[in-house]
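Examining the three-dimensional arrangement
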Amino acid sequence: MMKNIFCWMLLFFAGLLSACEKEESAGQSEREDMREIRFSLNTSGGIDLVSPRSSTSLAGMQWKLLCFDDDYHYLFEESGISGGASDELKVSVPKGQVFRFLLIFSSSSDGLPALKTGESYWDLAAYVPSLPLTDPMSLLVSEGEDDGTIRVSASVSRVPVTLVPRAVRVIVQKDESVAPEVTVESVSFQRSALSVPYVHIEPQDYEEYPELPEVTRGDYQITSLEGGVCYMLPDLCSTSFGTVAALKLSGSASGTEELSVNVPSGLALNAKAGYTYYINVSADAEGKLSAAWATRTEPKTLRLATQNLWGKSASVVIDYFNHIDVDVLCAQECSNLSEDEVRENGLYVHSHTNNGQGRCSIISRYPFAGTTPNGYGVYIDLGDGITALVMNCHGAYKPYGPYQLNGIDYGGYPATDDVDYVVQVNKEVRQEMVTKLLEDVASATTPFISISGDFNEPSWLDWTEGTVAAGATPYVVQWPTTHALWEGGIKGDAYRTIYPDPVANPGYTWTPFPSERDTKDRLDMTLYRLSPNTTVKSCQVIGEDANTSDIVLPSWVFDHRGLRTEFVYTR
């Protein structure tokens, strides 16, 4: 009897254990079918109330992450309170699918919309701020595709998100010919949008949506114009109505007068939230004032440097960054660079390994808006609708062709006068880097691209018949790395754009500390592909004294000189 009871108990516990194992197995399988996506946050500097070089604090703001399928059907949402821009929001989704996310930050829970099961993205309610806008940063949304959503495959684990305000900045500026005593007392917007649906529909798509989202209209006046800045909401303008801006001016020849400015139909919608526009006040020869809406933006400069850090610490690098006054630094040999220390100084940083050639880092005053597939580049949001793709690299340090062709054995590669052999071995060792760079270039979603770095190889524009005749180089050499990038669409060398003659301006960056048998070469470069209305303003060598450098830092601590380039964008 006892034996039967014992057997029965064994069978019971075996069955229970089997059931637990099945349940655990099912739970494990369910977990394996899920993928965690992390959203890391940046804010756009284009409309920031503080300096565009400073990040906006998101601490204390309420957020909501709305998830839709790829056909915009609402699935679920997450919400919470942000601790700051360093937050990473996490959400788990089934693998093998594509989702659309809309991320909204608001200083008030009233600014966060609600959706129910069965609804879609197109059912989102309007946000109704208090006008005139006193804080355009009180509502931030993700800058994704044209509709604002971020399209994400569940195979992606980390997604950088750039947040932009739901406002258009308008700057009232006076022409130099206007008498300095003229003051803009106020700006009134008539028939302006007082609420803006989250749904963003372009005018060319109106026919697809015969029932446009409801827009509340009205008039409001802005009397506080610090720096001539005021704000309006992006507007669903059409030909049947339009917004009018009325300026009240004092101090003119006629005392106080009012000027009217038509906001062009459809403009404010096309000029999506976060952009800057202008109302220009000017005067004719008789002093008669007029005002006009301007669709241009002010010229914007990207100041970009490249520097081999030679393993220096973050404090040294940050001092250098501030001293040379740049927006972005492409750095190589970053073994002792603390990214936490960089971020503590209000800067953004992105690092990547470089085919075994040490860590490369891109340090920026501006936020990042994404990275390239191979990690060599970051998209940098400069504001006003301008995004630059900045890439950074470090070429293999051996073989070093200039040593070989100048009779110096180095790194197991012999001195030789065989130019073809030198080109071949230098190409082979750096080809993987070139391939990955060109893959990232091919994936670019913005026209402007720069590639900076320590190439450990001269430019193909530097060893020419002219330099041979001048005794500066022993041979004519078409160096393969830069030439391959040139053939791949990167058809600019910033230093050679400003200084096309390598004899008159060699631009040597190697080395501030030459040995007795060393060579002089230009190894640190910024190459580029320009977008329309973009120019190279300047390109300067940074180094130890005025004999070698355009920008002098007497206490030089790096084994390469640096290079500082200015690109200017105009509209």
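Residues numbered from 1 in each chain as written. Predicted model: local features only at pLDDT ≥ 70, side-chain atom pairs only at ≥ 80, totals over all residues. Heavy atoms only, no water.

1. Structural notes on the pattern of salt bridges
Tallying each qualifying case throughout the model produces 15 salt bridges. As a salt-bridge pair, Asp-327 and Arg-303 come within 3.3 Å of each other at their nearest N and O atoms. Taken together, the residues span a long stretch of sequence, with Asp-327 in the loop between α3 (314-323) and β20 (328-332) and Arg-303 in strand β19 (residues 300-308) at a distance of 24 residues. Neither Asp-327 nor Arg-303 differs from the other in exposure class; each is buried. Notably, a salt bridge pairs Arg-522 with Asp-462, separated by 2.9 Å at the nearest N-O pair. (Salt bridge = Lys/Arg side-chain N within 4 Å of Asp/Glu carboxyl O. Helix = DSSP H or I, 4+ residues; strand = E, 2+ residues; numbered from the N terminus. Buried < 20%, exposed > 50% of the residue type's maximum accessible area, 1.4 Å probe, protein only.)

2. A short note on the sheet that holds strand β30 (residues 551-552)
Two orientations exist for strands paired in a sheet by backbone hydrogen bonds: parallel and antiparallel. Overall, mixed pairing links the seven strands, which are arranged β21-β22-β20-β19-β31-β29-β30 in an open sheet. The open sheet has two edge strands, β21 (348-352) and β30, and neither has a second partner. Pairing between β20 and strand β22 (residues 360-364): four bridges, direction antiparallel. Residue pairing for β22: Leu-329 is matched across the bridge by Ile-363. On the sheet, α3 packs against β19, β20, β22, β29 (534-543) and β31 (562-569) and is oriented at approximately 140 degrees with respect to β20. (Pairing = 2+ DSSP bridges. Contact = heavy atoms within 4.5 Å. Axes fitted to C-alpha atoms, helices over the stretch in contact; angles between N-to-C directions.)

3. Re unusual backbone geometry
Note on backbone geometry: most residues besides glycine have negative phi, and most peptide bonds are trans. Between Lys-398 and Pro-399 the backbone carries a cis peptide bond, its omega angle lying at 0 degrees. Counting through the fold element by element, Pro-399 comes out in the loop between β25 (386-394) and α5 (401-405). Residue Thr-511 is bonded to the preceding Trp-510 through a cis peptide linkage, with omega at 0 degrees. On the secondary structure map, Thr-511 appears in the loop between α9 (494-498) and β28 (524-529). Residue Tyr-72 is not a glycine yet carries a positive backbone phi of 75 degrees. With respect to the helices and strands, the residue Tyr-72 is situated in the loop between β2 (62-69) and β3 (74-81). Take Tyr-72: its relative accessible area is 14%, and that puts it in the buried class. Positive phi, close to 55 degrees, is recorded for Asn-456, a residue that is not glycine.

4. Topic: the side chain of Thr-372
Along the polypeptide, Thr-372 turns up in the loop between β23 (368-371) and β24 (377-383). For Thr-372, a relative accessible area of 3% translates into the label buried. Separated by 3.3 Å, the side chain of Thr-372 and the backbone nitrogen of Tyr-376 make a polar contact. Setting aside residues up to four positions removed in sequence, Thr-372 forms contacts with Gly-377, Tyr-379, Leu-389 and Asp-440. (Polar contact = N/O pair within 3.5 Å; in protein donor to acceptor, adjacent residues only side chain to side chain.)

5. Here's the deal with helix α8 (residues 480-487)
Within α8, six of the eight residues are buried, leaving the element largely enclosed by the surrounding structure. Taken together, the buried positions of α8 are Pro-480, Thr-481, Thr-482, His-483, Leu-485 and Trp-486. In this fold, the buried residues of α8 make contact with α6 (419-442), β26 (449-454), β27 (492-493) and β28.

6. Here we look at the confidence of the model for the chain
Taken residue by residue, the chain gives an average pLDDT of 83. The fraction at 70 or more is 82%. In this model, residues 25-30 is a region of pLDDT below 50 whose contacts with residues beyond four sequence positions or in other chains number zero contacts. Below pLDDT 50 for its whole length, residues 45-55 participates in 33 contacts with residues either more than four positions away or in separate chains. (pLDDT = per-residue confidence, 0-100.)

7. Description of the packing of aromatic side chains
Taken as a whole, this structure holds 21 aromatic pairs when the rule is applied. Measuring from ring centre to ring centre gives 5.7 Å for Tyr-72 and Tyr-121, while their planes differ by 45 degrees; the resulting arrangement is tilted. In this pair, Tyr-72 is assigned in the loop between β2 and β3 and Tyr-121 in the loop between β5 (98-106) and β6 (126-127), connecting sequence segments 49 residues apart. Given the relative accessible area of 0%, Tyr-121 is considered buried. (Phe/Tyr/Trp six-rings, centres within 6.5 Å; stacked < 30°, edge-to-face > 60°.)

8. Things to note about α3
Restricting attention to buried positions, one finds in α3 the residues Ala-314, Val-317, Ile-318, Tyr-320 and Phe-321. Looking down the long axis of α3, one finds its buried residues gathered within 160 degrees of arc, a one-sided arrangement. Pointing more than 90 degrees away from the buried face of α3 are the exposed residues Asp-319 and His-323. Check the buried side of α3 and you find it contacts β19, β20, α4 (339-344), β22, β29 and β31. Asp-325 sits one or two residues past α3 and shows a positive phi near 55 degrees. (Arc of directions from axis to C-beta.)

9. Regarding the sheet that holds strand β17 (residues 276-283)
Strands sit in the order β14-β10-β17-β18 across an open sheet of four strands; the sheet is mixed. The sheet is open, and its two borders are formed by β14 (229-232) and β18 (289-294), each paired with just one other strand. The average undirected angle you get between the axes of adjacent strands in this sheet is 25 degrees.

10. Brief notes about the packing of α6 against α8
Interhelical geometry of α6 versus α8 gives an angle of 40 degrees and a closest axis separation of 8 Å. Judged by the angle between their axes, α6 and α8 are oblique. For the element pair α6 and α8, the recorded crossing hand is right-handed. Two secondary-structure elements touch here, α6 through Val-423, Asn-426, Lys-427, Arg-430, Met-433, Val-434, Leu-437 and Leu-438 and α8 through Pro-480, Thr-481, Ala-484 and Leu-485. (Parallel < 35°, antiparallel > 145°, perpendicular 65-115°, else oblique. Left-handed = near helix turned anticlockwise from the far one by under 90°.)

11. Structural notes on the environment of Trp-479
Structurally, Trp-479 is set in the loop between α7 (465-469) and α8. The exposure class assigned to Trp-479 is buried, which follows from its relative accessible area of 0%. Note: C-alpha distance between Trp-479 and Trp-460 (19 residues apart in sequence) is 4.5 Å.

12. A word on the environment of Asp-327
Taking the relative accessible area as the measure of exposure, Asp-327 reaches 0% and is therefore buried. Along the primary structure Asp-327 and Thr-301 are separated by 26 residues, whereas in three dimensions their C-alpha atoms are 9.0 Å apart.

13. Quick word on the side chain of Thr-446
Within the secondary structure layout, Thr-446 lies in the loop between α6 and β26. At 2.8 Å, the side chain of Thr-446 forms a polar contact with the backbone oxygen of Thr-387.

14. What to know about the nonpolar core
With 32 residues, the main nonpolar core has Val-187, Phe-189, Leu-247, Leu-249, Ile-279 and Trp-293 as its most contacted residues. Contributions of two or more residues to this core are made by β10 (168-174), β11 (183-193), β13 (217-222), β14, β15 (244-252), β16 (255-262), β17 and β18. Considering each element in turn, this core owes the most residues, four residues, to β17. Leave out the neighbours within four places in its chain, and Leu-249 touches Val-182, Thr-183, Val-184, Glu-185, Gly-255, Thr-256, Glu-257, Leu-259, Val-281 and Leu-289. Residues Val-390, Ala-494, Tyr-495 and Phe-567 belong to the second largest nonpolar core, which totals 24 residues. (Core = buried A, V, L, I, M, F, W, Y, C linked by side-chain atoms within 4.5 Å.)

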